[in-house]
There are 2 protein chains.
Amino acid sequence: MELLKSSIRGEKLDAVFISSVSNISYLTDFTNFSKDEREAYLLIGEDFAYIITDGRYIEAVRKQVKNFTIFERGGGKNTEDLFKKLNSKIKSLGIEEDNLTVAEYKIVKKHFKKLKHFNVEVLRSLKNDNEIEKIKKACFIGDKAFKYILTRIKTGVTEKKIAFEIEKFVKSQGADLSFPSIVAFGKNSSIPHHQTGEKGLATNDKLVLLDFGVKWENYCSDMTRTIFFGQPTKSQKEIYQVVYEAQQKAVDFLNSKIKLGEKVTGAQVDKTAREYIKSKGFPDIPHSLGHGIGLEVHEQPYLSPKSKEVLKEGMVFSIEPGIYLPDFGSPRFGGEAGGVRIEDLFVVEKMGLKQITTSSKEIIKI
Amino acid sequence: MELLKSSIRGEKLDAVFISSVSNISYLTDFTNFSKDEREAYLLIGEDFAYIITDGRYIEAVRKQVKNFTIFERGGGKNTEDLFKKLNSKIKSLGIEEDNLTVAEYKIVKKHFKKLKHFNVEVLRSLKNDNEIEKIKKACFIGDKAFKYILTRIKTGVTEKKIAFEIEKFVKSQGADLSFPSIVAFGKNSSIPHHQTGEKGLATNDKLVLLDFGVKWENYCSDMTRTIFFGQPTKSQKEIYQVVYEAQQKAVDFLNSKIKLGEKVTGAQVDKTAREYIKSKGFPDIPHSLGHGIGLEVHEQPYLSPKSKEVLKEGMVFSIEPGIYLPDFGSPRFGGEAGGVRIEDLFVVEKMGLKQITTSSKEIIKI
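Residues numbered from 1 in each chain as written. Chains lettered and ligands numbered in written order. Predicted model: local features only at pLDDT ≥ 70, side-chain atom pairs only at ≥ 80, totals over all residues. Heavy atoms only, no water.

**Quick word on the relation of the copies chain B and chain A**
Expressed as a screw operation, the relation of chain B to chain A combines 0.0 Å of axial shift with a rotation of 180°, fitting to an RMSD of 0.0 Å. Those values place the two copies in the arrangement expected of a two-fold rotation axis. Distance from the rotation axis, computed per C-alpha, reaches its smallest value in chain B at T101(B): 2.1 Å. Same-surface contact between copies: 100% of interface residues of chain B are shared with the interface of chain A. (Least-squares fit on C-alpha atoms with pLDDT ≥ 70 in both. Contact = heavy atoms within 4.5 Å.)

**Regarding the sheet that holds strand 5 (residues 92–95) of chain B**
Residues and elements named next belong to chain B. Strand order in this open sheet of six strands is 4-3-2-1-5-6, and the pairing throughout is mixed. Both outer strands of the open sheet, strand 4 (69–73) and strand 6 (114–117), are each paired with one neighbouring strand and no more. In this sheet, adjacent strand axes meet at a mean angle of 25° when their direction is disregarded. Of the pairings in the sheet, the one linking strand 1 (residues 15–18) to strand 2 (residues 40–45) comprises four bridges and is antiparallel in character. Residue pairing for strand 2: I18 is matched across the bridge by L42. (Pairing = 2+ DSSP bridges. Helix = DSSP H or I, 4+ residues; strand = E, 2+ residues; numbered from the N terminus. Axes fitted to C-alpha atoms, helices over the stretch in contact; angles between N-to-C directions.)

**Observations concerning the confidence of the model for chain A**
Per-residue confidence for chain A averages 94 on the pLDDT scale, and 98% of its residues sit at or above 70. Across the predicted assembly, pTM comes out at 0.85 and ipTM at 0.84. (pLDDT = per-residue confidence, 0-100.)

**Some points on helix 4 (residues 79–86) of chain A**
Residues and elements named next belong to chain A. Among the residues of helix 4, those classed as buried are T79, E80, L82, F83 and L86. All buried residues of helix 4 fall inside an arc of 155° around its axis, so they share one side. Turned more than 90 degrees from where helix 4 packs its buried face, K84 and K85 sit exposed. Buried positions along helix 4 lie against strand 1 (15–18), strand 2 (40–45), strand 3 (48–54), strand 4 (69–73) and helix 5 (102–111). Put simply, N78 is the residue that caps the front of helix 4, since its side-chain oxygen is 2.9 Å from the backbone nitrogen of E80. (Buried < 20%, exposed > 50% of the residue type's maximum accessible area, 1.4 Å probe, protein only. Arc of directions from axis to C-beta. Polar contact = N/O pair within 3.5 Å; in protein donor to acceptor, adjacent residues only side chain to side chain.)

**Overview of helix 9 (residues 234–260) of chain B**
For helix 9 of chain B, with 27 residues, the first-to-last C-alpha span of 39 Å sits near the 39 Å given by 1.5 Å per residue. Phi for G261(B), located one or two positions after helix 9 of chain B, is positive at around 70°. (Expected span 1.5 Å × (residues − 1).)

**Considerations on the packing of aromatic side chains**
All names here are of chain A. Tallying each qualifying case throughout the model produces 18 aromatic pairs over all chains. With a centroid separation of 5.3 Å and an interplanar angle of 75°, the aromatic rings of F17 and F83 are classed as edge-to-face. Within this pair, whereas F17 is found in strand 1, its partner F83 is found in helix 4, the two being separated by 66 residues in sequence. According to the relative accessible area criterion, F17 is buried, its value standing at 2%. We classify F83 as buried; its relative accessible area is 2%. By way of ring pairs, the aromatic residues F17, Y41, F83 and F112 are connected into one cluster. (Phe/Tyr/Trp six-rings, centres within 6.5 Å; stacked < 30°, edge-to-face > 60°.)

**Here we look at the interface of chain B and chain A**
The parts lose accessible area when they come together, and the size of an interface is often stated as this lost area. Taken together, the contact between chain B and chain A spans 39 residues of the former and 39 residues of the latter. For the pairing of chain B and chain A, the buried interface totals around 3,600 Å² over both sides, and the portion due to carbon and sulfur atoms is 52%. A per-residue breakdown of the area chain B buries against chain A is headed by R56(B), V102(B) and H193(B), which together make up 17% of the total. Taken together, the connections running from chain B to chain A amount to four salt bridges. A salt bridge links K106(B) to E97(A); the shortest N-O distance between them is 2.6 Å. Applying the counting rule to chain B against chain A returns 19 residue pairs in polar contact (both at pLDDT 80 or more). Looking at the side of chain B that touches chain A, the elements with two or more residues in it are helix 3 (58–64), helix 5 (102–111) and helix 8 (159–172) of chain B. For the side of chain B that touches chain A, the leading source of residues is helix 8 of chain B, giving six residues. Here the residues of the side of chain B that touches chain A are counted per class, giving eleven nonpolar, twelve polar and 16 charged. (Buried area = accessible area lost by both parts, 1.4 Å probe. Salt bridge = Lys/Arg side-chain N within 4 Å of Asp/Glu carboxyl O. Nonpolar A, V, L, I, M, F, W, Y, C, P; charged D, E, K, R; others polar.)

**Some thoughts on the sheet that holds strand 12 (residues 223–228) of chain B**
All names here are of chain B. Reading across from one edge, 8-9-12 is the order of the three strands in this open sheet, with antiparallel pairing throughout. With one partner strand each, in any of the chains shown, strand 8 (182–185) and strand 12 form the two edges of the open sheet. Each neighbouring strand pair of the sheet contributes to a mean axis angle of 10°, computed without reference to strand direction. Summarising the sheet, strand 9 (residues 207–212) and strand 12 pair through six bridges and their orientation is antiparallel. What sits directly across from F212, in strand 12, is M223.

So this is what it looks like as structure tokens:
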């Protein structure tokens, strides 16, 4: 909260209006609001902090949220009544332009003249030890789930069944999934975000791509492994090796910069892996190299071609290069369609990068 | 799509820009975009229909989405390039003001002068037979899950465990949950949207509130039952009876209106149940009486005090009165905190209202 208030002062704002559910969770530690609807807002200034919610949540918020004054909307009272009460105090208000809707904006604008974008996410990108411990625990459970799921991959099993087995395992550990697992067999692995389906595993599918994450006390992990069902072909092994090396190149580059105490941006790291894959004659990675992770699976910092974010101590993010050869196949892949992605999470520590997902990246054959 | 185009003409717009994931799913039948991020948009006019997405989805969209031209963003091309290409054709553009963010709005505004709110949800509120069949199937699986879960409610079992058992059952039927199940034991039932937790069921908890839904081919169900662990007290039985009657009053009122062919709004139905509960000396319902359901758990029409929506044939919605007596208890409830909610789904048919969740509403003692 002190960090937030100093950031509000730094932006020369009198208050901020927070609408993003993840940021509300971050600031209040209350995690039961749904992302599908607007069930709460925060209005925070130097000497006030309101949480605005309705009758469904009042009891729970009263019990669990400290340091906030509750404003109950509904039953004739709406958020505008609070705006009216405070608008003499608030000349300039920060809003989350990347979250607030146009309809909400039109209402806010009626009450406050000077509105300006305010970024809470950037505060979240620097994790404290407590947050990092939670992410590590999520990674630890993910690694266990990976070991377990290898024992369930058999001819005929469907993608959905494997995804469900991962989920059951994760829940048996008292955790949740951080997103619906991606399980892609054979040529489905050529679709970076394949929708896990009813396809059964066939002997000639060869590739099994598993991309899943765990949520522990609201903090997320994320990991991808691509394994082989049967003996990989020579070109499949080559592709696997290139993806593996691309990740390693990015890690080495980032490590060397951290050790030298030099600034490095998300874009620079992204470029290292991307250029390496292209230099080997494979198609460009059709997604960012990586993303920050925490309360959300995808959050700042981004390791993308355009990212100017400087990677700093306390940041946690994925590095996940991939090669995808779609339907039409590729001579280099023996004409077969397929894809390989390897994804791990890393935390920036004082002396270098630390990998916190620890599952093997050797070629695994089942 | 024809319905959409006629609605675009009706609003005197040249095109609409669709950003809501549910509306994108509705119009394209492609259901793999995440709600947490902007992974796609639609831009639709009289003689064009674009789907805008990035490299992660291009392969899948190419295979599954018909009748749309794909515009791939990323790799130097962004959505604004498409805007530039089309802005001579588009004088007035419909946007989803309740979904589009301020940041997106600022970009759209650069290219199109006349922007106006456009509502796709209202099209979705009238379901066709195919959609209703899917919701019925979701309800059917939900009813089976309810029967099953009654066998798992035992002293010591935790709320989370029961929620997980519901989930496993639903998934074993090839379906998904439509939202994280709410399981509330004892006084936790006094919180309308309780966050299912680690509380174990104790003999004196008495109340077990179960609110869960099933998703079948992307269409959702939703149901709540409150059952008794042991013998209910006299006042608990009375409260249950009042909630049950409140639902019945709303159903009877709506049915009589439909049969007379008279217009009836969501607000009128809401009022019937709400006033009945208050007339019995209980606190007002701290939420709406009901909500439409389909691709989203909560969508139009709403049965709330302010809803002017006229309820029509083909609409599917919940009717879910509740009485909640929080921590401090209430003399009428023997000083005990607790809550009762009963929720069913209904479809408006030509000759009247049809209930499509069919689990018993008799008092159930375990």
